[in-house]
Amino acid sequence: MSTCNSISFRSSVKFHVMNLSSQMDRLPYTYMLIFCSFTFVCIVGRAPVVRNEAFNVGSDVNLTCSNKTWNEMMYVIWAIDMKYNSEECKIAFDNEGRSDDSCQDGKSLRNTSSAQSYLHIPNFSDYDVGVYKCEAVYRRLNENYEIHVAITVPPSISAWLERKDNRMVAVCKAESGIPAANISWSHMGNSSTVETLLDSRGFYTVESLLELPEGMDTVNLSCVIRHPYWKGEKTLVPELQKGYVSWLRVLIVVVIIAFLTGVLFFAQKKPVMFR
């Protein structure tokens, strides 16, 4: 980082002052020697450092702009452009104790035990997602950061078996997550398809369909779902949907009743035929 020291200089300037009024015309020209002192403070910093961060929904987030302490810093300003806000808001603080907060949404500037400043975001949600620009000024130098803050939201997951075009299909679904989940199967089957949908708020739904071979035993079939929110992976065993099982039972009962009815009907007709 380049530096620019304070520059103080004194310039001697002569001003020729002439009074144009009728009374002052009789006076001799008056020369005034004015000493002007100018002090220039030049603050030069490098281009903003761009970072990308992602935090779990519901967590408490601390964003750091500089590792300098208030013994060295003059002020810090956070300019925040959240994706659901039409206007940028700011949170600022200086070494004289003056502060400003136009966000008014629970975010606050705090200090560590060593007097290092950071921005605290409680209960992180989708409404806190956005671009956080920070400027920290200290001893004629500054640091600029541009932090792109995203959210990680776990999806709702489910798995089931269903009949589709006279074929048995296993379905595994990860719904309303950020980012999109990854789905794989313990058995590859005949063919599998994956569909990923993105809604207007940026939530992803991933659905994987696996066509099963005819007569396959599904006891050992499972789908594995991976997502950054979880430390590990989630495993689900698809089962026949309750509605499908109920209709299957009804169908079986209807077939049995029809069969027994047919048997009774022919049993009654048989004695008549032999008379």
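Residues numbered from 1 in each chain as written. Predicted model: local features only at pLDDT ≥ 70, side-chain atom pairs only at ≥ 80, totals over all residues. Heavy atoms only, no water.

What about the overall build of the chain?
Move 1: For the chain, the count of helices and strands is one helix and 19 strands.
Move 2: Looking at the 275 residues of the chain, the share that counts as buried comes to 28%.
Move 3: Taking all contacts inside the chain whose residues are at least 6 apart in sequence as the whole, residues at least 24 apart take part in 59%.
Move 4: Surface exposure of the chain reaches about 18,300 Å², of which carbon and sulfur atoms provide 54%. (Helix = DSSP H or I, 4+ residues; strand = E, 2+ residues; numbered from the N terminus. Buried < 20%, exposed > 50% of the residue type's maximum accessible area, 1.4 Å probe, protein only. Contact = heavy atoms within 4.5 Å. Areas by Shrake-Rupley, 256 points an atom, 1.4 Å probe, with all protein chains shown as cover.)

Quick look at the sheet that holds strand β17 (residues 223-226)
The strands making up a sheet are joined through hydrogen bonds of the backbone, oriented either antiparallel or parallel.
Move 1: Spatial ordering of the open sheet is given by β14-β17-β18, a layout of three strands whose pairing is antiparallel. Because the sheet does not close on itself, it has two edges, and the strands there are β14 (182-185) and β18 (233-236). Taking the axes of each pair of neighbouring strands and ignoring which way they run, one obtains an average angle of 25° across the sheet.
Move 2: Taken together, the four bridges between β14 and β17 define a ladder with antiparallel strand orientation. What sits directly across from isoleucine 183, in β17, is isoleucine 225. (Pairing = 2+ DSSP bridges. Axes fitted to C-alpha atoms, helices over the stretch in contact; angles between N-to-C directions.)

Re the packing of aromatic side chains
By convention here, two paired aromatic rings are described through the distance between centres and the angle between planes.
Move 1: Per the stated rule, a full pass over the model turns up three aromatic pairs.
Move 2: Between phenylalanine 55 and phenylalanine 124, the ring centres sit 5.8 Å apart and the planes meet at 70°, which makes this aromatic pair edge-to-face. Of this pair, phenylalanine 55 sits in strand β3 (residues 49-56) while phenylalanine 124 sits in the loop between β9 (116-121) and β10 (130-138); the two residues are 69 residues apart in sequence, bridging distant segments of the chain.
Move 3: Residue classification places phenylalanine 124 among the buried residues on the basis of a relative accessible area of 0%.
Move 4: Where tryptophan 70 meets phenylalanine 93, the ring centres are 5.4 Å apart and the plane angle is 75°; that geometry is what we call edge-to-face. (Phe/Tyr/Trp six-rings, centres within 6.5 Å; stacked < 30°, edge-to-face > 60°.)

Re the confidence of the model for the chain
Move 1: On average, residues of the chain carry a pLDDT of 80, and 71% of them reach 70 or more.
Move 2: Segment residues 244-248 is flagged for pLDDT under 50; beyond a separation of four residues in sequence, or across chains, it makes two contacts in the model. (pLDDT = per-residue confidence, 0-100.)

Focus: the sheet that holds strand β16 (residues 204-211)
Move 1: Reading across from one edge, β15-β16-β13-β12-β19 is the order of the five strands in this open sheet, with mixed pairing throughout. With one partner strand each, in any of the chains shown, β15 (191-198) and β19 (239-240) form the two edges of the open sheet.

Observations regarding the pairing of β17
Move 1: Here β17 runs beside β18; their pairing, made up of four bridges, is antiparallel. Residue pairing in the sheet places cysteine 223 in a bridge with leucine 236 of β18.
Move 2: As consecutive antiparallel partners, β17 and β18 are separated by six residues.

Focus: the state of the cysteines
Move 1: Scanning all chains against the criterion turns up three disulfides.
Move 2: The disulfide bridge from cysteine 89 ends at cysteine 103, spanning 2.0 Å between sulfur atoms. Measuring handedness by torsion sign, the sulfur bridge of cysteine 89 and cysteine 103 sits at about 85° and is right-handed. With a gap of 14 residues between them, cysteine 89 in strand β6 (residues 89-94) and cysteine 103 in the loop between β7 (99-101) and β8 (108-111) connect regions that are remote in the sequence.
Move 3: Residue pairing for cysteine 172: its cysteine sulfur links by disulfide to cysteine 223, the two sulfurs lying 2.1 Å apart. A torsion of 55° about the S-S bond marks the disulfide between cysteine 172 and cysteine 223 as right-handed. Linking cysteine 172 in strand β13 (residues 167-177) with cysteine 223 in strand β17, this pair joins segments that are 51 residues apart in sequence.
Move 4: For cysteine 172, a relative accessible area of 0% corresponds to the buried category.
Move 5: Disulfide partners in the chain, listed by the sequence order of the bonded cysteines, are 1-4, 2-3, 5-6. (Disulfide = S-S within 2.5 Å.)

So, the side chain of threonine 152
Move 1: One can find threonine 152 in strand β11 (residues 141-152).
Move 2: Under the relative-accessibility criterion, threonine 152 is labelled buried at 7%.
Move 3: Among residues more than four places away in sequence, those in contact with threonine 152 are Ala54, Phe55, Asn56, Val57, Ile178, Pro179, His227, Pro228 and Tyr229.

A word on the nonpolar core
Move 1: In terms of nonpolar packing, the biggest core is built from 29 residues, with Leu63, Trp78, Ile80, Phe124 and Tyr132 touching the most fellow members.
Move 2: Looking at this core, the elements that each hand over two or more residues are β4 (61-69), β5 (73-82), β6, β9, β10 and β11.
Move 3: Of all hydrophobic cores here, the second largest spans 15 residues; its members include Ile183, Cys223, Ile225 and Trp230. (Core = buried A, V, L, I, M, F, W, Y, C linked by side-chain atoms within 4.5 Å.)

Description of the environment of threonine 69
Move 1: Structurally, threonine 69 is set in strand β4.
Move 2: Between the C-alpha atoms of threonine 69 and asparagine 111, which are 42 residues apart in sequence, the distance is 8.8 Å.
Move 3: Sequence-distant contacts of threonine 69, defined by excluding residues within four places in its chain, comprise Ser114, Ala115 and Gln116.

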